[in-house]
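These are the residues of each chain, in order.
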Amino acid sequence: MESGAVHPGRFRMVKNAVSPPPRPSPARSPGGPVVYWMFRDQRSRDNWALIHAVRLANQSSAPVAVAFNLFHRFLGAHARQLGFMLRGLRLLQHRLRDLGIPFFLLRGDAAETLPRFLRDYGASALVMDFSPLRNVLQCKAEICERVGSTITVYEVDAHNVVPVWTASDKLEYSAKTIRSKIQRLLPEFLVDFPNLPKPDVEWSAGDPPDVDWDDLITEVLREGGGVPEIEWCQPGEDAAMEMLMGGKEGFLTKRLSNFHIDRNDPLKPKRLSCLSPYLHFGQISAQRCALEARKVRKSHLQAVDVFLEELIVRRELADNFCYYQPHYDSLQGAWEWARRTLMDHAADKREHLYTLDELEKAKTADLLWNASQLEMVHYGKMHGFMRMYWAKKILEWTSGPEEALAMAIYLNDKYEIDGRDPNGYVGCMWSICGVHDQVGYDAETKNEI
Ligand code: FAD
């Protein structure tokens, strides 16, 4: 592979241009611009999709731009999540400007705004982030249908260390079945990032319209004010790197040593990395976290290995589930054996039955559960160990698994700063429906898994 190139397994062409691009107008550049539609990987550093977009642009002597589409309260996001995201994007816009890459903020339905934007600027290629969530897949399909035949569309998995489609071409049963597949590919994919190339051709089609970030943030904070912002976690790429390896409280520099033991102790919340908000919004790359963790592996062997298991295997297993299981957030997505057992016990007598309102307000007879719920409501991040207990109790206290799952996902997505994520859907499915949790039988290999 040519040095600095993006591994061919990391991106794929999802739509090929079938007719030549229009002759560029003299006011425009030699080649139509390459547009990177950023949505899941909101960063300038260590971003394979951005690297791919700039390389494509340079190869065709075209300019490059980043477009971000702000949906209206995507997946029910509130002030907590939107404020964090927009404050991060404001910093990102400055950083991109310093790199000579314009940043356009679009608002509305990306299936409409993106094709219009591409048409207006005579784009020749679109590069998109990867996400396994159904709304995004559907939106992308619509975009591909609507963009003109002169545009080539690429998708890049810049979120996972091993791209989902390369790691496995099927729904994996458990961590055990995907682990060896991922590990086999790590030497190829867990490699240092090349420097982001400088765009060869300047963007000359006019500056992006100014974004009044203060106004925008005030607006989303007002609209989604039912769940306010949190203060313990500052947004942005620099803050993310500080959380990973800062001199004061960085995870790898100051908090890593007993991760393998203390990560399951809710009395020691700082022993967790606290990287999930940054990973969720793509303000840090999981690959960067893994590369930096490997550098300290000699002195913290078990801690690093357990961290990498969570960060790579568990996280990428969640993407695998959501990508290959269209019912990733409903009982239909559970294995047959789990559904049968759950339905067999659906009518069991319950000691307590709580409404959504009672759960949301932490009005149960279980003080530990109430404390966890309130931690999530006010702090925006429940301890990982308590999340399992929290979700399993909801199954015990509701009329059946379907209701339990719907309520757990609703609360998780509403209050967690890292909610609305494949990890969250799989976390709830794991706790309530046993996904990835049981020894089973692989029909293909006939092995126990
Ligand atoms: P660390 O323990 O420091 O782990 C580092 C990273 O590894 C995490 O940031 C995460 O990306 C990954 N990771 C850790 N545990 C898991 C796991 N079980 N599955 C997949 N990836 C993992 N995670 C979210 O990111 N968003 C959610 O909405 C979410 N909801 C959950 C709901 C339930 C019911 C359960 C059981 C788990 C949920 N998780 C969720 C997974 C996990 O609890 C969190 O990722 C973790 O607590 C985040 O804190 P941390 O970054 O300090 O984690």
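- An unreviewed UniProt entry annotates the protein chain as Deoxyribodipyrimidine photo-lyase originating from Apostasia shenzhenica.
- Note on the protein chain: under the UniProt heading Cofactor (unreviewed entry), the record states "FAD".
- In its Sequence similarities (unreviewed entry) section, UniProt records this for the protein chain: "Belongs to the DNA photolyase class-2 family."

1. Regarding the packing of helix H6 (residues 175–189) against helix H13 (residues 301–324)
- Running from amino to carboxyl end, H6 crosses H13 at an angle of 115°, the nearest separation of the two axes being 10 Å. Considering the angle they form, H6 stands roughly perpendicular to H13. Classified by chirality, the crossing of H13 by H6 is right-handed. Contact with H6, carried on its side by Ala 175, Ile 178, Arg 179, Ile 182 and Leu 186, involves Glu 309, Ile 312, Val 313, Arg 314, Glu 316, Leu 317 and Asn 320 of H13 and no other residues of that element.

2. Quick word on the UniProt feature "domain: Photolyase/cryptochrome alpha/beta" (unreviewed entry) in the protein chain
- When the UniProt feature table is mapped onto this chain, "domain: Photolyase/cryptochrome alpha/beta" (unreviewed entry) is found at residues 32–164.
- Note that residues 32–164 is 43% helix and 20% strand, and that its end C-alpha atoms are spaced 30 Å apart.

3. What about the sheet that holds strand S6 (residues 152–156)?
- Read across the open sheet, the six strands follow the order S1-S6-S5-S2-S3-S4; overall the sheet is mixed. Both edges of this open sheet fall to strand S1 (11–15) and strand S4 (103–107), since each of them pairs with a single strand only. Averaged over neighbouring strand pairs, the angle between their axes works out to 25° when direction is ignored.
- As defined by bridge partners, strand S5 (residues 125–129) adjoins S6 across five bridges and the pair is classed as parallel. Opposite Leu 126, over in S6, you have Val 153 as the bridge partner.
- Where helix H2 (residues 79–98) meets the sheet, it contacts strand S3 (64–70) and S4, and its direction lies at approximately 170° from that of S3.

4. Examining the pairing of S5
- Most of S5 is tucked away, with five of its five residues classed as buried.
- Covered by surrounding structure in S5 are Ala 125, Val 127 and Asp 129 together with Leu 126 and Met 128, the residues of both alternating faces.
- As paired elements, strand S2 (residues 34–37) and S5 share four bridges and run parallel to each other. Within the sheet, the bridge partner assigned to Trp 37 lies in S5 and is Met 128.
- In the classification by handedness, the crossover that spans S5, the intervening helix H4 (residues 134–146) and the parallel S6 is right-handed.

5. A short note on the side chain of Thr 398
- Inspection of the secondary structure assignment puts Thr 398 in the loop between helix H17 (384–397) and helix H18 (401–415).
- Polar side-chain contacts of Thr 398 include one of 2.6 Å to the backbone oxygen of Ile 394.
- Setting aside anything within four residues of it in sequence, one finds Thr 398 in contact with Arg 350, Leu 353, Tyr 354, Leu 359, Glu 403, Ala 404 and Met 407.

What counts, and where the lines are drawn
- Residues numbered from 1 in each chain as written.
- Predicted model: local features only at pLDDT ≥ 70, side-chain atom pairs only at ≥ 80, totals over all residues.
- Heavy atoms only, no water.
- UniProt positions renumbered as here; feature names shortened; annotations may be inferred.
- Axes fitted to C-alpha atoms, helices over the stretch in contact; angles between N-to-C directions.
- Helix = DSSP H or I, 4+ residues; strand = E, 2+ residues; numbered from the N terminus.
- Parallel < 35°, antiparallel > 145°, perpendicular 65-115°, else oblique.
- Left-handed = near helix turned anticlockwise from the far one by under 90°.
- Contact = heavy atoms within 4.5 Å.
- Pairing = 2+ DSSP bridges.
- Buried < 20%, exposed > 50% of the residue type's maximum accessible area, 1.4 Å probe, protein only.
- Right-handed = clockwise from strand over helix to strand, strands pointing away.
- Polar contact = N/O pair within 3.5 Å; in protein donor to acceptor, adjacent residues only side chain to side chain.

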